[in-house]
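Structural characterization, general
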Amino acid sequence: MEGHSTLLLRIALGLYSFGLLDSLYSVVKQRRQLFRPALYAFVLGAILHALALAASSIEQGRFPVQTLQQMSSMASFFMTAVFLTVYARFKYESLAVFVFPLVFLLALAGALGGESGAASRPMLQWWISLHVALFLLGYAALFLTCVASIMYVIQERELKSKRPRAFYYRLPPLGKLDEIGYQALAAAFVLVTLGLIAASVWAFAKWGSNWLVDPTIALAFLTWGISFAMVFGRLVIGWRGRKGAYFSIAGCACAALTWVVNSGAHTFMGQ
Amino acid sequence: MSIQLIGMNHRSAPVEVRERLAVSEQDAAELARELTLAPTLDEALVLSTCNRVEFLASGVRGALREQILRRLRAPTNGAGIDEGALYTYTGGDAVRHVFRVAASLDSMVVGEPQILGQVKDAYQRARDAGALGGQLDRLLSHAFRVARRVRNETGIGKMAVSVSYVAVELARKIFGDLEGLSVLLIGAGEMAEAAAQHLHGAGASHLYVTNRTMASAERLAASCGGRAVPFDRLLELLQRVDIVLSSTGAPGHILSRGTAQGVIAARRNKPIFLVDIAVPRDIDPEINDLDNMFVYDVDDLQQVAAANMRHRQGEAEIAERIVDDEVEKILSRIRSRNAKPAIVSLNKRLEAIRKGELERFQSKLSGLSGEQREAVEALTRGIINKVAHHPIREAKRSASDPRSRITVDDFRRMFGLD
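My aim in this report is to walk through the structure given alongside it, one point at a time.

Rules and cut-offs
- Every chain begins its residue count from 1, and numbering advances along the sequence as written.
- The naming scheme follows written order: chains are lettered A onward, ligands numbered 1 onward.
- Only residues with pLDDT of 70 or above have their local features reported here, since the model is predicted, and side-chain atom pairs are shown and tallied only from 80 upward, although totals for entire chains, interfaces and linings are computed over all residues.
- The numbering of helices and of strands both runs from the N terminus, where a helix is a DSSP run of H or I of at least 4 residues and a strand a run of E of at least 2.
- An expected span of 1.5 Å times one less than the residue number is assigned to each helix.
- Counting other C-beta atoms within 10 Å of each residue's C-beta, where C-beta atoms are placed from the backbone, gives the exposure class: buried for 20 or more, exposed for 12 or fewer, partly exposed between.
- Pairs of strands are assigned from DSSP output, requiring at least two bridges between the strands.
- Geometry is summarised by axes, namely lines fitted to C-alpha atoms with helices restricted to the contacting stretch, and by angles between N-to-C directions that run from 0 to 180 degrees.

**Focus: unusual backbone geometry**
All names here are of chain B.
- Cis geometry marks the peptide bond from Val 279 to Pro 280, where omega comes out at 0°.
- Among the secondary structure elements, Pro 280 is positioned in the loop between strand S9 (272-276) and strand S10 (293-297).
- At Ser 104, a position not held by glycine, the phi torsion is positive, near 65°.
- You can see Ser 104 is positioned in the loop between helix H4 (91-102) and helix H5 (114-128).
- One non-glycine residue, Asn 269, adopts positive backbone phi at about 70°.
- Its place among the elements puts Asn 269 in the loop between helix H11 (257-266) and S9.

As structure tokens, this is what we get:
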């Protein structure tokens, strides 16, 4: 079983590498001739990746988010799923330039370590696995918001400069970037909120309230706070356009920081 | 049989010369049919547009040029046309030219979409007139596929190069799709009206028209299907609409930066696209510095049109590579199509010679036994096969190899197969 999931993940990784190739080619050559084959490889990769995750789920009896490797793998799968969903709707190839490499790198991180770490630590309860999975999916959506915001800033500058250069022709319209960014943000907010609720309920039941002082937990709440502020700013105050995009990018950077600091188990878990 | 083309375009001849050769669509098909009446020409097509007059034919090499020059020199044509204004292409070059024309790479405005329709019309009419046979038919069908490929794989026709369309393109870049957007027309100006029509055609659903004099606003609104609104409601409208086309005769700005700040705040930062077509300008250009407000004046639009033009040129280079690729494809197809019948007719011819010779010696061979007769049959057949073996192999090879120096035509000529 374990062999199966590892093998499937490695094949998926191989397929994702087409995406990396496409991204590099389009940055260097300014052409998207490889996009179609890369997209098909990605769809196939995502299917195999899903099978790999299902295989490890069955094997372990819970979401495969027990180790850092597994989390990376899960995150890369979510990223692919989010991208394919958005692509199916909007058909903007330029999003892939950002998404493809990250998916590849996360899948690589997931495939490299194998399953070794799993045994060294007690398994996470499925309740807390759910918390991790929700957060990962939320991060994937947030990353998309970030990509859309970066593109927004670039395209906005092209339009304001009135001297269209390469980006003007290649990037999607502002209105669509705004729509993608906002919808992804709203989804991320809901997911992070649910993830946080899942974790809090579980932690209160287990440890009472002393876990709240854990610095990584504070960061997790900060991520939630940022995404809340982003949604609130957009909905209530009407933050959008360039400043809104800068704010989104900053928010995503904070969230990425949380991910880096927080991706291991929280410190209190060992207590 | 070779494909040949003779013609003139906007680069080779000025309009005074082109117009003397130009014919109407109907006459073009008639002329094509007439050309095919010449024993040396099998098929013909005539394309006549405001930028080019071209004759395309298949037949004996050089026959088309001869036919056309004879027509030009005919006394009915008045003073003859300078031959230097004409270009002639044969074989692969003719194929390439047809592909480039269909893909709009040879157009005055590279990438303009009309030419493909014009070629398709000329093709349809020539076909209906019975002037096309297999070869040109296949060539043109292939040309249409090439044009489609160029359109799909390059951005050659995507970006607007005329100012009123640039406004539409920019609106698309700002809003995404224009479905359901509303447009405000301030003042009356031809270009603003044209842009409003284009925007409407692209999906913008509401059009408001305002003017200092309500009567002219009403007149314009009636003519372009909009709603006239009194000028004093301008501010209120600016808070609602998405695209503004302004072309009043006002001496100064009708929208200042300060007012615009209030407008965008009232819109809660919903983006607005302000197109200022008036000279002197109606809208303070500094408004462009405000977030979510995009101001373009006439020069800006022109600048975008020029950039699009340069972009097209870049895309055209990619398109040229696609054309090269397709020329190669069709040439090797034509060659291999030509090789098969040539080989068949060579075999037939050799067999006829063999049979003829045997017949000639019939009386002298009458004394042979059945077995000896069979031996003579085998002997003669063997000689033929051995002699024909290498030429046939070469013909097949030349058919599949575009760089081969021997063509199937050479092969036919060598064995007198026509």
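**Quick look at helix H2 (residues 35-60) of chain A**
Residue and element names in this part refer to chain A.
- Here H2 contains 26 residues, and its C-alpha end-to-end distance of 36 Å stays within 8% of the 38 Å for a straight helix at 1.5 Å per residue.
- Every buried residue of H2 is accounted for by Phe 35, Ala 38, Ala 41, Phe 42, Gly 45, Ala 46, His 49, Ala 52, Leu 53, Ala 55, Ser 56 and Gln 60.
- Looking one or two places after H2, you find Gly 61, whose phi comes out positive at around 75°.

**Notes on the sheet that holds strand S4 (residues 87-90) of chain B**
Residue and element names in this part refer to chain B.
- Strand order in the open sheet made by the four strands is S2-S3-S1-S4, with antiparallel pairing throughout. Pairing within the sheet leaves two strands with one partner each, and these edge strands are strand S2 (41-48) and S4. Going across the sheet, the axis of each strand differs from the next one's by a mean of 15°, ignoring polarity.
- Bridge count for S2 against strand S3 (residues 52-59) is seven bridges, and the pairing is antiparallel. By the bridge assignment for S3, Ser 48 is matched with Val 53.

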